[in-house]
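Listed below are the residues making up each chain.
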Amino acid sequence: MNNQVSAEPLNYLNHKTGLWSWLTATDHKRIGLLYLYAITTFFLTAAVLGLLMKIEKSTIGPTIMTAQTYNAMFTLHGIIMIFIVVIPGLAAVFGNICLPIMIGAKDVAFPKLNLFSFYVYITGACLGLYSQFAHGHSPDAGWTFYVPYSAEVNSNIILALLAAFTLGFASILTGLNFIVTIHRMRAPGMTWFRMPLFPWSLYATAWIQLLATPVVGITLLMVIAERTLHVGFFDPKLGGDPVLYQHLFWIYSHPAVYVMILPAMGVVTEIFPTFSQKPVFGYLPIVFSSLAIALVGYFVWGHHMFTSGMSYESRWFFSFITFLVAIPSAIKVFNWLSTMYGGSVDLQPPLLYAISFIFLFTIGGFTGLTLGAVATDIHVHNTDFVVAHFHYIIFGGMGFGFFAAMHYWYPKIYGTMYHIKWAKIAWGFLFTGFNVLYFPMFIMGIQGMPRRYYDYDPKFQLGQTISSVGAVILFVGLIAMIANLVYHVRRGAKAPANPWHGVTLEWQVPSPPPHENFDEIPVITREPYVFDNPYTKEK
Amino acid sequence: MTTMFSGASNFAESVDRAFIFIFAISFIFTIGITVAMIYIVIHFSRKKNKNPQQFSGNVPLEIIWTVVPLILVLFMFYYGWVAFAPMRKVPQNSMQVKVIGRMWSWSFDYGNGKISPDLVVPLDRNVKLNLFSEDVNHGLFIPAFRVKEDVIPGYNNYLWFQPIAKGKYDIYCTEYCGLAHSAMVAKAIVVDSLEFKTWLADLKVVSNDDPGMAILKANACITCHSIDGTKVIGPSFKGLYGAKRMVLTDQGEKEVEANADYIKRAIIDPNGEIVKGYNKGLMQSYKDVLKAEDIDKIVDYFKKASEQK
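Because the structure is predicted, anything quoted here is derived from the model rather than measured.

### Let's talk about the overall build of chain A
Step number 1: A tally of regular secondary structure across chain A gives 17 helices and two strands.
Step number 2: Compactness check: chain A gives a C-alpha radius of gyration of 23 Å against a globular reference of 24 Å for 539 residues, within 12% of the reference.
Step number 3: Principal axes of the C-alpha set define a box for chain A whose edges measure 70 × 50 × 45 Å.
Step number 4: When the 539 residues of chain A are sorted by exposure, 68% land in the buried category.
Step number 5: Sequence-distant contacts in chain A: of pairs separated by 6 or more residues, those separated by 24 or more amount to 81%.
Step number 6: Of the roughly 17,900 Å² of accessible surface on chain A, a fraction of 70% belongs to carbon and sulfur atoms.
Step number 7: Taking the 27 positively charged and 23 negatively charged side chains of chain A as two groups, their mean positions are separated by 7 Å.

This is the structure we're talking about:
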């Protein structure tokens, strides 16, 4: 092994070998990959749970499981997807892999802290799973752990909140690391407004992670004080207020939605210029809309609680602010379209995922307006409409953004290329399955089908069955996509340093990048998206 | 299609108008954005267009697509709010019904011991529902009336409506409340005022039952413990008194006789001894819910039921 002369030039994947070198890696790209493998494993687990739930719902009454199992499944599906997959997802994987290279740095500001965050994350993920299986009682409180049900029935709420807090800690540390990295480590000449937009979106995200996550810690302390010292905060039997818990839960969990979606917006903002060979349209509006989303996103949590018995005033206040937060998202969509307009558009897999992101996110966003208006929210709150809406945002938005990032940076990460046609076919299944699965849920929600229902009225039979068929199609697409990516890590054709002809810094280093990214730190002299001589140009 | 656009309360029209307004704008924009996107991808495809233009922004355009959506969403906010605001202003003359939600059934209390499992209301009369929970959070949802409000322990939540069409409508629980959440359903039945008077007069006062049975019904014990021997969530009440049962305790398995003591223990500490074949943790203690004399009445009822056989 030691004497073997590698034909490959040294890069971050082969400069050291062996399991131990991975488990103790401080290279940001290796840590990103560790997150990628952990998150993919959890994602597949939760996706299978989702598929089983959909099969259960394909017919009225019991199909393949009991009500108790079903309730446990949607709880576990939610906990894994939200806290372990989607919240860390893009920032931890592609933030880690790409951020330092994109700003011309050799690594993040605190590489060891970065590795520590990964282990905190793994600890939190294991605690989360343990909390659901400890004490032999199958978990069924829903991922929101609303008291008093969660406190009376599932004695593991302390563990579950501890897991959310531990995962939150990993999130805080990553956020802190990125903020310092972006402030201190940009290459010489890279002023704030010469920074690419994916790092900008990570910057906005990092501030939310840093400021919103501690609320989970406070909530945890209050629950522990209530359970052990019987200080009544939430439990009405002790004179507490169950709605207070909902407030605290959403003060964190709503901004967390923007932790999920902002990096995905950043990803597609990188993809549109590259595949159009044209600068980003409206660089500054995109930057400021990210910051606006991060800021206004703190003040909309009450829209989850319009039916909770909140005061008259808070109902209109939260509704009003919710409509304001829609504007920055709209601005981004128009700028993305204009980026492609007039370009030389090449419909490769990353762009396919990016434009389906726009389509799905638009539907998710507009149905979010239905939920932001109080009168219409009252009718569709806690129905399948909400479930469809947030899957369009989280899966259609963050999920498709993640797939777009995977197909975009894959040749950079592994130095090989996946099968393009196979990737497009897998996309076809994913996109079709997604819409067949979730769109009928909007209609059923309007008709009154409540969420978290094991069984349903015969009038929902058709919609439920169509939705279940969609789940199967979606799953086939998912497996096809992952198989294509995994298979070609070793067997794919060798990828050049810049297969898509991008102009940001990560495309100027070899694929895969060397251990410390740059032999010489680049000096930046101009804006990030300048295509002086698009390669497509007829000479 | 059964509920949407077939509203049966005074609120349905204005709520549906807000729905249509928001959906119409959303639909136009979604179609517009999608068509524009497909057009761009085809018209500017790399095959046709090798010379990408290099413009990178336009201030008037940015202003237009900030201001126009802002105005549109403010209208959405407004329509959503004006349709909702009256839902909080209960008319003075409303008929009051107390709604009790519990795991996993509804009861509708019309006063004077008149308690019904379904909500029967007279046509064109303002009705205020006062929402109480005996255990965890629930949500009262009547899709046809476009009303919903959470039923939260310790809160005096309420909602009101005026039914405007006779018929039988669904009531669902919309706040997750455990095992049989999806079975926590009832009907809202709108009848004319004469029918309503007769119905209310004929409604059996609960205390006409055996007092023990009345307590079992009022606390929804019979949702999980059948009286006819069917296996539901907990063991059936049929032939309970004096029967021998295998139970699981922390110390292991043992056989007990279902006597007065056992029944009391099962009510106060339901998880101490679990009948074999059933799950732990599904029932909570009724120590603070039932008075001691009520528990005695329940025991008497079981005793009588076993003697009648």
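### A closer look at the overall build of chain B
Step number 1: For chain B, the count of helices and strands is seven helices and 13 strands.
Step number 2: Expected size for 309 residues packed as a compact globule is a radius of gyration near 19 Å; at 28 Å, chain B overshoots this value by more than 25%.
Step number 3: Across its three principal directions, the C-alpha atoms of chain B cover 90 × 55 × 30 Å.
Step number 4: Expressed as a percentage of the 309 residues in chain B, the buried residues total 49%.
Step number 5: Across chain B, every contact between residues at least 6 apart in sequence was considered, and the portion connecting residues at least 24 apart equals 63%.
Step number 6: Of the accessible surface of chain B, which amounts to about 14,900 Å², a share of 59% is contributed by carbon and sulfur atoms.
Step number 7: Averaged over its 35 positive side-chain charges, chain B has a centre that lies 7 Å from the centre of its 31 negative ones.

### A look at the nonpolar core
Step number 1: Ranked by internal contacts, the top residues of the largest apolar core, which has 266 residues, are A:F83, A:W409, B:L119, B:L129 and B:F161.
Step number 2: Of the residues forming this core, the biggest block, 20 residues, is contributed by helix α15 (residues 384-414) of chain A.
Step number 3: Look past the residues within four positions of B:L119 in its chain and what remains in contact with it is B:V97, B:F108, B:Y110, B:L129, B:I142, B:F161, B:I171, B:K187, B:A188 and B:I189.
Step number 4: Core analysis: the next-biggest nonpolar cluster, separate from the first, contains 21 residues, B:V256, B:I263, B:I267 and B:L290 among them.

### Some words on the environment of A:F320
All names here are of chain A.
Step number 1: Note on placement: F320 falls in helix α12 (residues 312-340).
Step number 2: Judged by its relative accessible area of 28%, F320 falls in the partly exposed class.
Step number 3: Separated by 52 residues in the primary sequence, F320 and G372 have C-alpha atoms spaced 8.0 Å apart.

### Some points on the side chain of B:E175
Step number 1: Among the structural elements, B:E175 can be located in the loop between β9 (167-173) and β10 (186-191).
Step number 2: No salt bridge is formed by the buried B:E175; the nearest opposite charge belongs to A:R452, separated by 5.4 Å.
Step number 3: One polar contact links B:E175 to A:N382, side chain to side chain, over a distance of 3.4 Å.
Step number 4: Aside from chain neighbours lying at most four places away, what touches B:E175 is A:Y146, A:H381, A:N382, B:N137, B:H138, B:G139, B:D150 and B:H181.

### Structural notes on the sheet that holds strand β4 (residues 119-122) of chain B
All names here are of chain B.
Step number 1: Judged by pairing direction, the sheet is mixed, and its five strands sit side by side in the order β4-β10-β9-β6-β7 without closing on themselves. This sheet does not close on itself; its edge strands, each paired only once, are β4 and β7 (147-151). When the angles between neighbouring strand axes are averaged without regard to direction, this sheet yields 20°.
Step number 2: Looking at chain direction, strand β6 (residues 138-142) and β9 are connected through two bridges and run antiparallel. Paired with L140 across the two strands is C173, which belongs to β9.
Step number 3: Against the sheet, helix α3 (residues 193-202) engages β4 and β10, with an angle of about 140° to β4.

### Focus on the sheet that holds strand β1 (residues 95-102) of chain B
Hydrogen bonds between backbone groups are what pair the strands of a sheet, and the pairing can be parallel or antiparallel.
Residues and elements named next belong to chain B.
Step number 1: The five strands lie next to each other as β3-β2-β1-β5-β8, forming an open sheet whose pairing is mixed. Looking at strand neighbours, the two that pair on one side only are β3 (115-116) and β8 (157-161), the edges of this open sheet.
Step number 2: With five bridges joining them, β1 and strand β2 (residues 105-109) adopt antiparallel strand pairing. Bridge pairing in β2 places I100 opposite S107.

### A closer look at the environment of A:I271
Residue and element names in this part refer to chain A.
Step number 1: Tracing the sequence through the fold places I271 in helix α10 (residues 242-276).
Step number 2: A sequence separation of 20 residues divides I271 from L291, and the C-alpha atoms of the two residues are 20 Å apart.
Step number 3: The contacts of I271, once residues within four sequence positions are left out, are P350, L351, A354, A404, A405 and Y408.

### Thoughts on the packing of helix α13 (residues 349-372) of chain A against helix α1 (residues 12-43) of chain B
Step number 1: Where α13(A) contacts α1(B), the axes come no closer than 9 Å and their chain directions differ by 170°. When the interaxial angle is binned, α13(A) and α1(B) end up roughly antiparallel. For the pair formed by α13(A) and α1(B), the contact residues are A:I355, A:I358, A:F359, A:T362, A:I363, A:F366, A:L369 and A:T370 on the first element and B:F19, B:I22, B:F23, B:S26, B:F29, B:T30, B:I33, B:T34, B:M37 and B:V41 on the second.
Step number 2: A class-by-class count of the residues in the contact of α13(A) with α1(B) yields 13 nonpolar, five polar and no charged.

### Description of the pattern of salt bridges
Step number 1: Evaluated as defined, the whole model comprises 17 salt bridges over all chains.
Step number 2: Ionic pairing is found between A:D27 and A:K29, a salt bridge with its closest N-O pair at 3.1 Å. Side by side, A:D27 and A:K29 carry an identical accessibility label, which is buried.
Step number 3: Overlapping salt bridges bring together A:R315, B:R88 and B:E149 as one network.

### Digging into the packing of α13(A) against α15(A)
Relative orientation and spacing of two packed helices are given, respectively, by the angle between their axes and the distance between those axes.
All names here are of chain A.
Step number 1: Between α13 and α15, the shortest axis-to-axis distance is 8 Å and the interhelical angle comes to 160°. One finds that α13 runs roughly antiparallel with respect to α15. Remark: the crossing between α13 and α15 carries left-handed chirality.
Step number 2: A per-class count over the contact of α13 with α15 returns 17 nonpolar, 11 polar and no charged.

### What about the pairing of strand β12 (residues 252-257) of chain B?
Residues and elements named next belong to chain B.
Step number 1: As defined by bridge partners, strand β11 (residues 244-249) adjoins β12 across six bridges and the pair is classed as antiparallel. The residue of β12 that forms the bridge with M246 is E255.
Step number 2: Between the antiparallel neighbours β11 and β12 lie two residues.

### Examining the packing of aromatic side chains
Step number 1: A full pass over the atoms with the stated rule returns 77 aromatic pairs over all chains.
Step number 2: Consider the rings of A:F395 and A:F403, whose centres lie 6.4 Å apart with planes at 80°: the pair is edge-to-face. Accessibility assignment for this pair places A:F395 and A:F403 in one class, buried.
Step number 3: Here a set of aromatic residues connected by ring pairs shows up, and it is made of A:Y353, A:F385, A:Y392, A:F395, A:F400, A:F403, A:F434, A:Y438, A:F439, A:F442, B:F19 and B:F23.
Step number 4: One Lys or Arg, A:R30, reaches over the ring of A:W22 and ends 4.2 Å from the middle of that ring.
Step number 5: Its guanidinium or amino end placed over the ring of B:F141, B:K148 lies 3.8 Å from that ring's centre, counting from NZ or CZ.

### Here's the deal with unusual backbone geometry
Step number 1: With an omega of -10°, the peptide bond running from A:S511 to A:P512 counts as cis.
Step number 2: Inspection of the secondary structure puts A:P512 in the segment after β2 (493-494).
Step number 3: The omega torsion of the bond from B:M103 to B:W104 falls at 0°, within 30 degrees of zero and hence cis.
Step number 4: As for its position among the elements, B:W104 is in the loop between β1 and β2.
Step number 5: Even without glycine at this site, A:H501 takes up a positive phi of about 60°.
Step number 6: Examined against the element boundaries, A:H501 turns out to sit in the segment after β2.

### Looking at the side chain of A:S289
Step number 1: Residue placement: A:S289 occurs in helix α11 (residues 283-296).
Step number 2: Ignoring anything within four residues of it in the chain, the contact list for A:S289 reads A:P328 and A:K332.

Conventions used here
Residues numbered from 1 in each chain as written. Chains lettered and ligands numbered in written order. Predicted model: local features only at pLDDT ≥ 70, side-chain atom pairs only at ≥ 80, totals over all residues. Heavy atoms only, no water. Helix = DSSP H or I, 4+ residues; strand = E, 2+ residues; numbered from the N terminus. Rg over C-alpha atoms; globule rule 2.2 N^0.38 Å. Buried < 20%, exposed > 50% of the residue type's maximum accessible area, 1.4 Å probe, protein only. Contact = heavy atoms within 4.5 Å. Areas by Shrake-Rupley, 256 points an atom, 1.4 Å probe, with all protein chains shown as cover. Lys, Arg positive; Asp, Glu negative; His and termini not counted. Charge placed at Lys NZ, Arg CZ, Asp CG, Glu CD. Core = buried A, V, L, I, M, F, W, Y, C linked by side-chain atoms within 4.5 Å. Salt bridge = Lys/Arg side-chain N within 4 Å of Asp/Glu carboxyl O. Polar contact = N/O pair within 3.5 Å; in protein donor to acceptor, adjacent residues only side chain to side chain. Pairing = 2+ DSSP bridges. Axes fitted to C-alpha atoms, helices over the stretch in contact; angles between N-to-C directions. Parallel < 35°, antiparallel > 145°, perpendicular 65-115°, else oblique. Nonpolar A, V, L, I, M, F, W, Y, C, P; charged D, E, K, R; others polar. Left-handed = near helix turned anticlockwise from the far one by under 90°. Phe/Tyr/Trp six-rings, centres within 6.5 Å; stacked < 30°, edge-to-face > 60°. Lys NZ or Arg CZ within 6 Å of the ring centre and 35° of its normal.

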